[in-house]
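Structural features, examined
So the chains spell out like this:
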Amino acid sequence: MRAALLLAAAALAAHGQPKPNFVIVFTDDQGYGDVGCYGSPDIRTPNLDRMAAEGVRFTSFYAQPFCGPSRAALMTGSYPPRVSLMFNHGPGSKTGIHPNEITLAEMLKGQGYRTMIVGKWHLGDRPEFLPTRHGFDQYFGLPYSNDMWPYHPLMPPKPNESPRMKAARERAELTGYAGQGAYLPPSREYPDLPLYSNEEVVELNPDLSKLTGLYTAKALEFIAANRDRPFFLYLAHNMPHVPLFPGPKFKGKSRRGLYGDVVEEIDWSVGQVLSKLKDLGLDEKTLVIFTSDNGPWLQYGIDGGSAGPLRDGKATHWEGGMRVPAIVRWPGQVPAGQTTSEIAANLDLLPTFARLAGATLPADRVIDGKDIWPVLQGAKSPHEAFYYFTGARAGEEAPLRAVRSGQWKLHLRTDGGPARGLALYDLQADPGEKFDVLARYPEVARKLEGMAQAFREELRRNVRPLGRL
Ligand code: MG
């Protein structure tokens, strides 16, 4: 069965048969435990659960620790430090994704695809860095996070604040985030939040409770308009990143507060996309993947998600920070009802889609991602190791924090000097990273340490620049 599917895909690619459509549903700050089929006890996701029953569900799929770097990995097929995108871009930043990067959208555009991003971009908001300059025919959404706006709870208090601002402060108080520290310095105060249609700002500080519904409508419109040619839809929801705004039909409906409400709305949106594909007869011509950009933002208390059995969350290199839900569905091509624990990552989508669309990968640069089509057919991971980096400012070297190979994960000391293993975890026996087994398996630690050192050195030789104005 699996061999037959592999052959079918090879034949598809080799004989120039119609190229599949691609849909990526990318959520923001949704944790490993925030989907029904990943064990959520209180969030209902019938559409995602059905998607998993009809496709392949990953249990060791990696994003990056936070928003911007994760999108950089997805778009370039490379680790964020490889493309110098190790931090989140704020409004008006003079840097962004480099014009020489070949994004997933550009690659597919080169194969005749129509391309659209609906939702959050976060790789620079100056015109040079917008998605319309990086391979997307169309763009509708926010250029960065939905909390980068004048109603952020850390904006310095002003006299006669609006009801919107008061509500934001009350919510922050309730979730515990209000006491996080000082207010933003004047230089970092957020301007009005722009909603873009292509390169035009169509609204400032939009009503975020309409966002998921609006994004879904735009996505369905794009699918219908391109039913007769290959398309790539990147549906990058701003939810469930704080501040949480469910639509009126979803508010108060889940058993998990606002967080559950917005995830259930996203699940509804996934159902809409899948229904549209079915109605248009595109089900068997379309690969759909659902995944998240990073783990739950735990500092926001009840407004943050859950990493389920995994340790910690967003912004960390613990599994809870970087391991995310991922479900792939393509009837007739990807087997139904399968689960794989093989290592894969969002940076693998570029090489995988390249294979399926008949594109060749650029030969003049290192692409870290691997073609995971065989993994979808039940094969072992092509990754000998996966490397965990956390953030760094522009121009700084990103710290390599950990390395995983098979079931083993070594956390590294990165505070100067030669890297020394700090802790070793057996993720198969101990997915929560509770029991350090370094003393018992020193030879495993030495091997992983060697891999980390070699990768660090290779990376130093092959870093690509940040885009600068
Ligand atoms: Mg995020």
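Just so it is clear, the model here is predicted, and its values are computed rather than measured. (Residues numbered from 1 in each chain as written. Predicted model: local features only at pLDDT ≥ 70, side-chain atom pairs only at ≥ 80, totals over all residues. Heavy atoms only, no water.)

Section: the side chain of threonine 352
Rule in force here: Helix and strand labels come from DSSP, where a helix needs a run of H or I of at least four residues and a strand needs a run of E of at least two; each type is numbered from the N terminus. Only protein chains enter the accessibility calculation, which uses a 1.4 Å probe; a residue whose area is less than 20% of its type maximum is buried, one above 50% is exposed, and one in between is partly exposed.
Mapped onto the secondary structure, threonine 352 falls in helix H9 (residues 349-357). For threonine 352, a relative accessible area of 2% corresponds to the buried category.

Brief notes about the pairing of strand S8 (residues 231-236)
In the case of a regular strand, side chains alternate between the two sheet surfaces. Basically, it comes down to this: The pairing criterion for strands is at least two bridges between them, as found by DSSP.
Most of S8 is tucked away: six of the six residues are buried. Residues Phe231, Leu233 and Leu235 line one face of S8 and the alternating positions Phe232, Tyr234 and Ala236 line the opposite face, and both faces are buried. Relative to S8, strand S4 (residues 114-119) runs parallel, the two being bridged by six bridges. Within the sheet, the bridge partner assigned to methionine 116 lies in S8 and is leucine 233.

Remarks on the coordination of the magnesium ion
Basically, it comes down to this: Excluding water, the donors of a metal are its N, O and S neighbours within 2.8 Å, or within 3.2 Å for Na, K and Ca, and that exclusion means sites may look incomplete.
Protein ligation of the magnesium ion involves Asp28 (OD), Asp29 (OD), Cys67 (SG), Asp293 (OD), Asp293 (OD) and Asn294 (OD1), the donor distances falling in the range 2.1 to 2.7 Å. Binding-site remark: the magnesium ion is held by donors from one chain whose sequence spacing is D-D-x37-C-x225-D-N. Taken together, the residues aspartate 28 in the loop between strand S1 (21-27) and helix H2 (46-53) and asparagine 294 in the loop between strand S9 (286-292) and helix H8 (319-322) connect sequence positions 266 residues apart. Among the residues examined, aspartate 28 registers a relative accessible area of 0% and is labelled buried.

Examining the packing of aromatic side chains
Put simply, the rule reads: Note on aromatic pairs: the rings of Phe, Tyr and Trp (six-membered ring only in Trp) are paired at centre separations within 6.5 Å, and the planes decide the class, stacked below 30 degrees, edge-to-face beyond 60, tilted for the rest. Whether a charge sits over a ring depends on NZ of Lys or CZ of Arg being within 6 Å of the ring centre and within 35 degrees of the ring normal.
By the definition in use, this model includes 28 aromatic pairs. Taking 6.0 Å as the distance between ring centres and 80° as the angle between the ring planes, the aromatic pair formed by tryptophan 121 and phenylalanine 136 counts as edge-to-face. Remark: phenylalanine 136 occurs in the loop between S4 and strand S5 (138-141) and tryptophan 121 occurs in the loop between S4 and S5; sequence separation between them is 15 residues. Here the two residues tryptophan 121 and phenylalanine 136 agree in accessibility, since each one is buried. An angle of 85° between the planes, with centres 5.2 Å apart, marks the rings of phenylalanine 386 and tyrosine 388 as edge-to-face. Classification of phenylalanine 386 as buried rests on a relative accessible area of 0%. Here the guanidinium or amino end of arginine 311 rests over the ring plane of tryptophan 318, the centre of that ring lying 3.6 Å away.

Some points on the pattern of salt bridges
Close approach of charged atoms lets side chains of opposite charge pair. What counts here: Salt bridges are defined by distance alone: a side-chain nitrogen of Lys or Arg within 4 Å of a carboxyl oxygen of Asp or Glu.
Per the counting criterion, the structure on display carries 24 salt bridges. Where arginine 44 meets glutamate 264, a salt bridge forms, and the shortest distance between an N and an O atom there is 3.0 Å. Taken together, the residues arginine 44 in the loop between S1 and H2 and glutamate 264 in helix H7 (residues 257-279) connect sequence positions 220 residues apart. Residue classification places arginine 44 among the partly exposed residues on the basis of a relative accessible area of 48%. Taking relative accessible area as the criterion, glutamate 264 reaches 8% and is therefore assigned buried. Between glutamate 199 and arginine 133 there is a salt bridge whose closest N-O contact spans 2.7 Å.

Some points on the domain arrangement of the protein chain
Operational definition: Source of the domain bounds: an automatic or database domain assignment. Two residues qualify as a contact provided that any one of their heavy atoms is within 4.5 Å of a heavy atom in the partner residue. Buried area counts how much accessible surface, traced with a 1.4 Å probe, disappears from two parts once they are put together, with both parts' losses summed.
Splitting the protein chain by domain gives domain 1 (2-149 + 190-376) and domain 2 (386-468). For domain 1 and domain 2, the distance between their C-alpha centres works out to 26 Å. Taken residue by residue, the interface counts 41 residues in domain 1 and 31 residues in domain 2. Summing both partners gives a buried area of about 2,900 Å² for domain 1 against domain 2, and 61% of it is carried by carbon and sulfur. Summed over the shared surface of domain 1 and domain 2, the number is three salt bridges.

With respect to the side chain of threonine 175
Rules: Polar contact criterion, stated in full: a pair of N or O atoms within 3.5 Å, where within protein one must be able to donate a hydrogen and the other to accept it, and residues adjacent in sequence count only if both atoms are side-chain atoms.
Relative to the helices and strands, threonine 175 is located in helix H5 (residues 163-175). Among the residues examined, threonine 175 registers a relative accessible area of 10% and is labelled buried. Engagement of the side chain of threonine 175 in a polar contact is seen with the backbone oxygen of alanine 172, the distance being 3.2 Å.

Remarks on the packing of helix H6 (residues 211-225) against H7
Two numbers describe a pair of packed helices, the interaxial angle and the distance between the axes. Applied cut-off: Only the stretch in contact is used when a helix axis is fitted, and all axes are lines through C-alpha atoms; the angle between N-to-C directions ranges over 0 to 180 degrees. These descriptions rest on fixed angle ranges, namely under 35 degrees for roughly parallel, over 145 for roughly antiparallel, 65 to 115 for roughly perpendicular, and the rest for oblique. Note: crossing handedness is left-handed where the near helix turns anticlockwise from the far helix by less than a right angle, and right-handed where it turns clockwise. Basically, the charged four are Asp, Glu, Lys and Arg, the nonpolar ten are Ala, Val, Leu, Ile, Met, Phe, Trp, Tyr, Cys and Pro, and anything else, Gly included, counts as polar.
Two elements in contact, H6 and H7, have axes separated by 10 Å at closest approach and are oriented at 15°. In terms of orientation, H6 lies roughly parallel with respect to H7. Here H6 runs over H7; the crossing is right-handed. Between H6, through Thr212, Gly213, Thr216, Leu220 and Ile223, and H7, the contact on the second element is made entirely by Glu265, Ile266, Trp268, Ser269, Gln272, Val273, Lys276 and Leu277. Considered class by class, the residues forming the contact of H6 with H7 number six nonpolar, five polar and two charged.

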